[in-house]
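# Results of the structural survey
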Amino acid sequence: MLYPFTFKPILKKIIWGGSDICPFKGITPAQDGIGESWELSHVEDNFSVVANGDLEGKTLDQLIKTYGKELVGETVMNQFGTTFPLLIKFIDARDNLSIQVHPDDELVKERHHSFGKTEMWYVVKAAKDAALYSGFSQQIDANEYVERVENNTIMDVLQRYEVKEGDVFFLPAGRVHAIGAGCFIAEIQQTSNITYRIYDYNRKDANENGRELHTKLAKDAINYTLYPDYRTHYKEEKDIPVELVTCKYFTTNLLELDKPIERNFATLDSFVVYICMEGKATIRDNNGHAITVHQGQTVLIPAITQYVTITPDPEAKFMETYIR
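Along the polypeptide, Lys25 turns up in helix H1 (residues 21-25). The exposure class of Lys25 is buried, given its relative accessible area of 9%. Apart from the residues within four sequence positions on either side, Lys25 is in contact with Pro9, Ser37, Glu39, Phe90, His294, Gln295, Gly296 and Gln297.

Here is the structure:
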């Protein structure tokens, strides 16, 4: 019988990685330079491995192939096949990441036979003056974009946001974006590794070579629509789900708990993911399976689960994600 799963984190040592991920997740001994922890992944060569219960050691790929719709939901399988549709990460940037854009499903299918990448960010913590980029600060078109990349003025038209803990950004495919130095972020995204690099601050490697830019590919992938504000605004509330993002790829709620809450999924034909952002809690399903999770852990609730009861000890904060 399926039960709530935790997975072994896939830690990525990256040149721009910081020192916050291991302490946040309670991993000892702490490692420096960890830029990403892939919490739940069905990316080829990076399949998550179950860390608890009778199926410990099985990969997410094996779970999907064995349990199919019981794990992910019939509707989800009809839409995404045997690919787990979401990739969950923590990202710790000690340096500025490159300016990027992700193509949408239609363009990616045509060019790369893959899925597009719509994603969201939740700022776990931020250093003083830490910032990120999302969208444009003024209207430009495709030709001006190319000119600005070539003459190194593209940064002049990107919208920069200084950030703090709890800030949320929704990044549909086509939106230009970048994580800045000092940002520690939880990211929920479509399962895709297709990224077009737009600008990399003219940085050089040890051989004085710059990283490849995908100027021409990105030109057709960018959504040039100008919006007055690219942030997601929400009101924090205790002990009820607060919706942060909803789109066809995922719905994400914030749960800030100081008392038990029951979440009923009887009519939801999808898996549910809980990312523990703060504190500790016990998650118990309708079959009596219980798991205690702490800050930095991610839990996958199978689609066949009817309901779960989450009991904080004494307080906990979760992001709850599913597909509807």
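Our focus in this paragraph is the environment of Asp229. Looking at the secondary structure, you find Asp229 in the loop between helix H7 (215-221) and strand E15 (231-232). Along the backbone, Asp229 and Ser137 are 92 residues apart, and their C-alpha atoms lie at a distance of 9.2 Å. In this structure the side chain of Asp229 is engaged in a polar contact, spanning 3.0 Å, whose partner is the side chain of Arg231. At 2.6 Å, the side chain of Asp229 forms a polar contact with the side chain of His233.

Looking along a regular strand, one sees side chains alternate from face to face of the sheet. The two faces of strand E21 (residues 298-301) match: Thr298 and Leu300 on one face and Val299 and Ile301 on the other face are all buried. As paired strands, strand E1 (residues 5-6) and E21 are joined by 2 bridges and run antiparallel to one another. Bridge pairing in E21 places Phe5 opposite Leu300. Looking at chain direction, strand E19 (residues 272-285) and E21 are connected through 4 bridges and run antiparallel. Across the sheet, residue Val272 finds its bridge partner in E21, namely Ile301.

The nonpolar side chains of soluble globular proteins are, as a tendency, buried together. Counting 42 residues, the largest nonpolar core has Phe5, Phe84, Leu300 and Met319 as its most contacted members. With 40 residues, the next largest nonpolar core counts Ala93, Val123, Phe169 and Ala221 among its residues.

Our next topic: the pattern of salt bridges. In the structure shown here, the tally under the stated rule is 19 salt bridges. Of the charged contacts, one joins Arg148 and Glu144 as a salt bridge, the two residues approaching to 2.8 Å between their closest N and O atoms. Of this pair, Arg148 and Glu144 both sit in helix H6 (residues 142-150), 4 residues apart, roughly one helical turn. Judged by its relative accessible area of 16%, Arg148 is buried. For Glu144, a relative accessible area of 22% corresponds to the partly exposed category. Ionic pairing is found between Asp167 and Lys164, a salt bridge with its closest N-O pair at 3.1 Å. Taking relative accessible area as the criterion, Asp167 reaches 14% and is therefore assigned buried.

Under the defined criterion, the tally for this structure stands at 14 aromatic pairs. For the pair Phe24 and Phe90, a centre-to-centre distance of 5.2 Å together with 70° between the ring planes defines the contact as edge-to-face. Of this pair, Phe24 sits in helix H1 while Phe90 sits in strand E6 (residues 86-93); the two residues are 66 residues apart in sequence, bridging distant segments of the chain. Comparing Phe24 with Phe90, the two get one shared label, buried. Residues Phe90 and Phe184 carry aromatic rings whose centres are separated by 6.1 Å and whose planes lie at 70° to one another, so their mutual orientation is edge-to-face.

Here Lys89 is to be found in strand E6. For Lys89, a relative accessible area of 6% translates into the label buried. Within polar-contact distance, the side chain of Lys89 engages the side chain of Glu36 at 3.5 Å. With sequence-adjacent residues up to four places away left out, Lys89 is seen in contact with Glu36, Ser37, Trp38, Glu39, Ile185, Ala186, Glu187 and Gln189.

Once that is clear, we can look at the environment of Lys259. Along the chain, Lys259 turns up in the loop between strand E17 (251-257) and strand E18 (261-264). In sequence terms Lys259 and Pro314 are 55 residues apart; their C-alpha atoms lie 7.6 Å from each other. Setting aside chain neighbours within four positions, we find Lys259 in contact with Asp239, Ile310 and Pro312.

As a further point, take helix H2 (residues 60-67). A turn of α-helix holds 3.6 residues, and therefore any two residues three or four places apart point the same way. All of the buried residues along H2 are Leu60, Asp61, Leu63 and Ile64. Along the axis of H2, the buried positions cluster into a sector of 160°, meaning they face one direction only. Of the exposed residues in H2, the ones pointing more than 90 degrees away from its buried face are Lys65 and Thr66. On the buried face of H2, the contacting elements are E1, strand E3 (34-40), strand E4 (42-43), strand E5 (46-47), helix H3 (69-72) and E21. Positive backbone phi, at 50°, marks Gly68, one or two positions downstream of H2.

Moving on, we get to unusual backbone geometry. For the bond from Thr28 to Pro29, the omega torsion is -5°, close enough to zero to count as cis. Within the element layout of this structure, Pro29 appears in the loop between H1 and E3. Following Asp313, the chain continues to Pro314 via a peptide bond in cis, the omega torsion being -15°. Counting through the fold element by element, Pro314 comes out in strand E22 (residues 307-322). Phi at Tyr201 is positive, roughly 60°, even though this residue is not glycine. As for its placement among the helices and strands, Tyr201 is situated in the loop between strand E14 (196-199) and H7.

Cut-offs used in this document
- Throughout, a residue's number is its position along its own chain's written sequence, starting from 1.
- Reporting of local features is limited, given that this is a predicted model, to residues whose pLDDT is at least 70; pairs of side-chain atoms are given and counted only at 80 or more, and all residues count toward the totals for whole chains, interfaces and linings.
- Excluded from the side-chain calculations are hydrogens and water; all other atoms, namely the structure's heavy atoms, are used.
- Only runs of H or I of at least four residues qualify as helices and only runs of E of at least two qualify as strands under DSSP, and these elements are numbered from the N terminus.
- Type-normalised accessible area, obtained with a 1.4 Å probe on protein chains alone, sets the label of each residue: buried when under 20%, exposed when over 50%, and partly exposed for intermediate values.
- Whether two residues are in contact is decided by their heavy atoms, any of which lying within 4.5 Å being enough.
- Identification of polar contacts relies on pairs of N or O atoms within 3.5 Å, with a donor-acceptor requirement for protein atoms, meaning one able to donate a hydrogen and the other able to accept it, and with residues adjacent in sequence counted only if both atoms are side-chain atoms.
- Any two strands with at least two DSSP-identified bridges between them are counted as paired.
- For this analysis, a nonpolar core means a set of buried residues of the types Ala, Val, Leu, Ile, Met, Phe, Trp, Tyr and Cys, connected via side-chain atoms within 4.5 Å.
- By definition, a salt bridge exists where a carboxyl oxygen of Asp or Glu is found within 4 Å of a side-chain nitrogen of Lys or Arg.
- Two rings from Phe, Tyr or Trp (for Trp, the six-membered ring) form a pair when their centres sit within 6.5 Å of each other. Planes less than 30 degrees apart are called stacked, planes more than 60 degrees apart edge-to-face, and all others tilted.
- It is the directions from the helix axis to the C-beta atoms that the arc portrays.

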